[in-house]
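Take a look at the letters that make up each chain.
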Amino acid sequence: MKKEEQNRTDDDTKKELARERKISYYQILSIIILLILGILLAVFSDDTAYIAVWIRKLFGKQ
Amino acid sequence: MITAVKIILTIFVLLGALPLFASLYQFILVIFHSKLNHYKLAKPITPAVAVVIPCWNEAGVIGNTIEHLLSMDYPHESLKLYIVDDASTDNTFEIVGEKCKLYPDNIRYIKREKGGEGKAHTLNAGIKVILEEDWAEAILIIDADILFEETTLRKMTRHLADPKVGAVMAYIKEGSTSNTLVHKFVAFEYICAQAASRRAQNVLGVTACLAGGAQLLTKENLIAIGGRIDTSSLAEDTFTTFRTQLTGRKTIFDPYAIVWAEEPNCLVALWKQRLRWARGNLHVTKAFKHIWLNKEVGNLGSFGFSFIWFTIMLMPILMILSSIGLTGLFFLDFPYSWLIFKQFWILNTFTDLFIILTCNFLDPKTAKRTRLEGLLFPGIISLCLIILSVYPNLLDRLLDIAVLNSSGNYSYFGLDMKSFIVVLFLYLWVSLCMIVSYLAYYTEKKGCPFFISRSLLLIGGYGPFLCAITFASYIKEITNSDMKWDKTHKTGNLKTNG
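Just so you know, these numbers come straight off a predicted model, no measurement behind them.

**Section: the UniProt feature "transmembrane region" (unreviewed entry) in chain A**
Right, on to step 1. Mapped onto the present numbering, the UniProt feature "transmembrane region" (unreviewed entry) falls on residues 23-44 of chain A.
Right, on to step 2. What you have in residues 23-44 of chain A is 95% helix and 0% strand, and the ends, taken at the C-alpha atoms, are 31 Å apart.

**Remarks on the pairing of strand 3 (residues 107-111) of chain B**
Right, on to step 1. With five bridges joining them, strand 2 (residues 79-85) of chain B and strand 3 of chain B adopt parallel strand pairing. Each residue of the ladder has a partner; that of I83 of chain B, found in strand 3 of chain B, is Y109 of chain B.

**Regarding helix 12 (residues 315-332) of chain B**
Right, on to step 1. Look at helix 12 of chain B: 26 Å from first C-alpha to last across 18 residues, which is about the 26 Å you get at 1.5 Å a residue.
Right, on to step 2. Along helix 12 of chain B, the residues that are buried comprise P316, L318, M319, L321, S322, S323, G325, L326, T327, G328, L329 and F330 of chain B.

**Structural notes on the domain arrangement of chain B**
Residues and elements named next belong to chain B.
Right, on to step 1. What the domain assignment reports for chain B is domain 1 (2-21 + 310-478) and domain 2 (36-296).
Right, on to step 2. Measuring from the centre of the C-alpha atoms in domain 1 to the corresponding centre in domain 2 gives 35 Å.
Right, on to step 3. In this assembly, 35 residues from domain 1 lie in contact with 35 residues from domain 2.
Right, on to step 4. Summed over both partners, the interface of domain 1 with domain 2 comes to about 3,300 Å²; 76% of that surface belongs to carbon and sulfur atoms.
Right, on to step 5. It is R369, Y462 and E477 in domain 1 that bury the most area against domain 2; as a group they hold 20% of the surface buried on that side.
Right, on to step 6. Here domain 1 is connected to domain 2 by five salt bridges.
Right, on to step 7. For E477, the salt bridge goes to K286, with nearest N and O atoms at 3.3 Å.
Right, on to step 8. Our count for the domain 1 to domain 2 interface comes out at ten residue pairs in polar contact (both at pLDDT 80 or more).
Right, on to step 9. Among the elements of the structure, helix 11 (303-313), helix 13 (334-362), helix 14 (364-369), helix 15 (371-376), helix 18 (417-445), helix 19 (450-460) and helix 20 (462-478) are those that each provide at least two residues to the side of domain 1 that touches domain 2.

**Overview of the environment of E444 of chain B**
Residues and elements named next belong to chain B.
Right, on to step 1. The topology assignment puts E444 in helix 18.
Right, on to step 2. A residue is classified by how much of its surface remains accessible, and E444, at 17% relative accessible area, is buried.
Right, on to step 3. Beyond its immediate chain neighbours, meaning those up to four positions away, E444 contacts C266, L267, V268, S453 and R454.

**Description of the interface of chain A and chain B**
Interface size is commonly expressed as the accessible surface area that is lost when the partners come together.
Right, on to step 1. Between chain A and chain B, the contact holds 31 residues from the first and 38 residues from the second.
Right, on to step 2. In total, about 3,200 Å² of surface goes out of reach between chain A and chain B, with carbon and sulfur atoms giving 62% of it.
Right, on to step 3. Across the contact surface, chain A and chain B share three salt bridges.
Right, on to step 4. For E16 of chain A, the salt bridge identified is with K155 of chain B, shortest N-O distance 2.7 Å.
Right, on to step 5. Linking chain A to chain B there are 13 residue pairs in polar contact (both at pLDDT 80 or more).
Right, on to step 6. With 22 residues, helix 1 (residues 3-43) of chain A is the largest single contributor of residues to the side of chain A that touches chain B.
Right, on to step 7. Split into classes, the residues belonging to the side of chain A that touches chain B amount to 13 nonpolar, eight polar and ten charged.

**With respect to the UniProt feature "transmembrane region" (unreviewed entry) in chain B**
All names here are of chain B.
Right, on to step 1. With numbering aligned to this structure, UniProt lists the feature "transmembrane region" (unreviewed entry) at residues 6-32, 307-332, 344-362, 374-391, 420-443 and 455-475.
Right, on to step 2. With 85% helix and 0% strand, residues 6-32 has end C-alpha atoms that lie 39 Å from one another.
Right, on to step 3. The span residues 420-443 carries 100% helix and 0% strand; its end-to-end C-alpha distance comes to 30 Å.

**Things to note about the sheet that holds strand 5 (residues 147-148) of chain B**
Think of a sheet as strands paired side by side through backbone hydrogen bonds, with each pair either parallel or antiparallel.
All names here are of chain B.
Right, on to step 1. Overall, mixed pairing links the eight strands, which are arranged 3-2-1-4-7-6-8-5 in an open sheet. The open sheet has two free edges, formed respectively by strand 3 and strand 5, since each of these has just one partner strand.
Right, on to step 2. When strand 1 (residues 49-55) meets strand 4 (residues 138-142), the two strands line up parallel, connected through four bridges. Residue pairing in the sheet places A50 in a bridge with I139 of strand 4.
Right, on to step 3. Helix-sheet contacts for helix 5 (residues 119-133) involve strand 1, strand 2, strand 3 and strand 4, and the interaxial angle to strand 1 is about 150°.

**A few points about the environment of Y462 of chain B**
All names here are of chain B.
Right, on to step 1. Inspection of the secondary structure puts Y462 in helix 20.
Right, on to step 2. Considered as a pair, Y462 and F288 are 174 residues apart in the sequence and their alpha carbons are 29 Å apart.
Right, on to step 3. Setting aside anything within four residues of it in sequence, one finds Y462 in contact with F185, V186, E189, L270, R274, L376, F377 and L457.
Right, on to step 4. A polar side-chain atom of Y462 sits 2.7 Å from a polar atom in the side chain of E189.

**Re the pattern of salt bridges**
Right, on to step 1. On inspection of all chains with the given rule, the structure shows 23 salt bridges over all chains.
Right, on to step 2. The partner of E16 of chain A in a salt bridge is R158 of chain B, and the shortest N-O contact between them spans 2.6 Å. Taken together, the residues span two chains, with E16 of chain A in helix 1 and R158 of chain B in the loop between helix 6 (152-157) and strand 6 (165-174). Like E16 of chain A, the residue R158 of chain B is buried in the burial classification.
Right, on to step 3. Between D143 of chain B and K119 of chain B there is a salt bridge, with the nearest N and O atoms lying 2.7 Å from each other. In this pair, D143 of chain B is assigned in the loop between strand 4 and strand 5 and K119 of chain B in helix 5, connecting sequence segments 24 residues apart.

The rules behind each value
Each chain carries its own residue numbering, running from 1 in the direction its sequence is written. Chain letters and ligand numbers both follow the written order, the letters beginning at A and the numbers at 1. At least 70 in pLDDT is required for a residue's local features to be given in this predicted model, at least 80 for side-chain atom pairs to be given and counted, and no such filter applies to totals for whole chains, interfaces and linings, which use all residues. With hydrogens and water set aside, each side-chain value is computed from the structure's full complement of heavy atoms. UniProt positions are given in the numbering used here, feature names are shortened, and annotations may be inferred rather than shown by experiment. Segments assigned H or I by DSSP are reported as helices when at least four residues long, segments assigned E as strands when at least two residues long, and all are numbered from the N terminus. Pairs of strands are assigned from DSSP output, requiring at least two bridges between the strands. One less than the residue count of a helix, multiplied by 1.5 Å, gives the span that helix is expected to have. Each residue's exposure class comes from its accessible area (1.4 Å probe, protein chains only) as a fraction of the maximum for that residue type: buried when under 20%, exposed when over 50%, partly exposed otherwise. Here the bounds of each domain stem from an automatic or database domain assignment. Throughout, a contact is declared for two residues whenever any of their heavy atoms are within 4.5 Å. Defined here as a combined quantity, buried area equals the accessible surface (1.4 Å probe) lost by two parts on assembly, summed across both. For this document, the term salt bridge refers to a Lys or Arg side-chain nitrogen within 4 Å of an Asp or Glu carboxyl oxygen. Definition of a polar contact: a pair of N or O atoms within 3.5 Å, with one able to donate and the other able to accept a hydrogen when the atoms are protein atoms, and with sequence-neighbouring residues admitted only if both atoms are side-chain atoms. Polar here means any residue outside two lists: the nonpolar Ala, Val, Leu, Ile, Met, Phe, Trp, Tyr, Cys and Pro, and the charged Asp, Glu, Lys and Arg; Gly therefore counts as polar. Structural elements are reduced to axes, namely lines fitted to C-alpha atoms, with helices fitted over the stretch in contact, and the angle between N-to-C directions of any two is expressed from 0 to 180 degrees.

So this is what it looks like as structure tokens:
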């Protein structure tokens, strides 16, 4: 295989790895945002669902 | 006694939530793909690749497929196409003949006199010739209508630099030009089932299925698994995948090696295709029964993989159990059942939102094209329940008030007639959605106006439609129905950029 072809494939792999890292960061970010939103909704509501009650207890709000 | 029944029914509801946990588990595993992947061991190599293309009346697509394959960024001297004609009755032969004249060194035409035995037999005819010629170092199994992108094969072969790799799979994307509702549902499904799920399987170090549409096998691996493809089932590709892993070789999914496929655009054709796949998976489960939860067979026997496999396989049963659990609890202890029901939908909401967001990160272009279908994947009624449970007070106001504070005759387990029907419907919906989705298929099959089947599909949901197919596969297996290899009709309306 020619040197330039090899370099191109290596570059592709590097770009793909960078993209995979970006996907991971976005996923972690989305989990954090969803959790924060869920907690806020539970804390500021009087919902009777178990999870909402637990979250309110956890944050000392009953 | 009542407490024991309540515990059992609660377990039923929890079992119904297992598919949600399995989805969450897989999508969370995707996070680790940036670290646990095979790229570190991949090197740019271009081994001699023999492409096996099984054909039966593929005149509409085969010319385009050949052109795409031979215009790939891959050395021509390392690429040979073996077109195996399964006794076509159209002009496939003439079209391939013309291409043979254009590329005499790269195309080999193999004609089977007796056709109709199925894809695996056709593939074996080509594989036999390839192994006899002893030229190829790797064998690429594809469908006749699949279109490869320029760099796809190179991206697949780079993983073969690791001698432990036995097979590599590309990311199959839906690329029909017609862009119908069904096509868009399939396109979204493929982000979940391939881009996400296969990444998760890369992380687990195990693969459920290297799709037969773009499956690259090393010659050593093919010989190690018997030098032929399994012909006893409808899931020859999954058999190959499992056997490869049982020889101790790795199987890799490369999400950047993209191929485009034309998927069915009507529910009847989709039902046929998926029923074949679902029955094939049942065969695999039975044929490899010794591997489940068996640590001696490596990652294939891991708890994580068995958990994912069986929750998908048993999803219809789990959904029915969930409905039974909720309904039973409703009659025993309504307030408790209502609380459990809300938990179920809160979990559903979180899972759904996370899946949709992840799909947008994994494949932004397809996710953009299928934004509405992604939202409507669980069906309109389920989507309404998801929206209602996003904000707890909203759910309380619209459901609790209607149910708990309704006036009238409270003779139905503490509820009036209207509330009783509403609650029972919502509890049963987890299973009813499969029936509504089945009706979408049934009405299309019976020739009812198009809008009826599509409306039913939107109400019931595409996810439940797939569950209904799995349920139908149980019935087919129990009743020992004939295994038919129904070819999915392809029009050739396909493009490589979606």
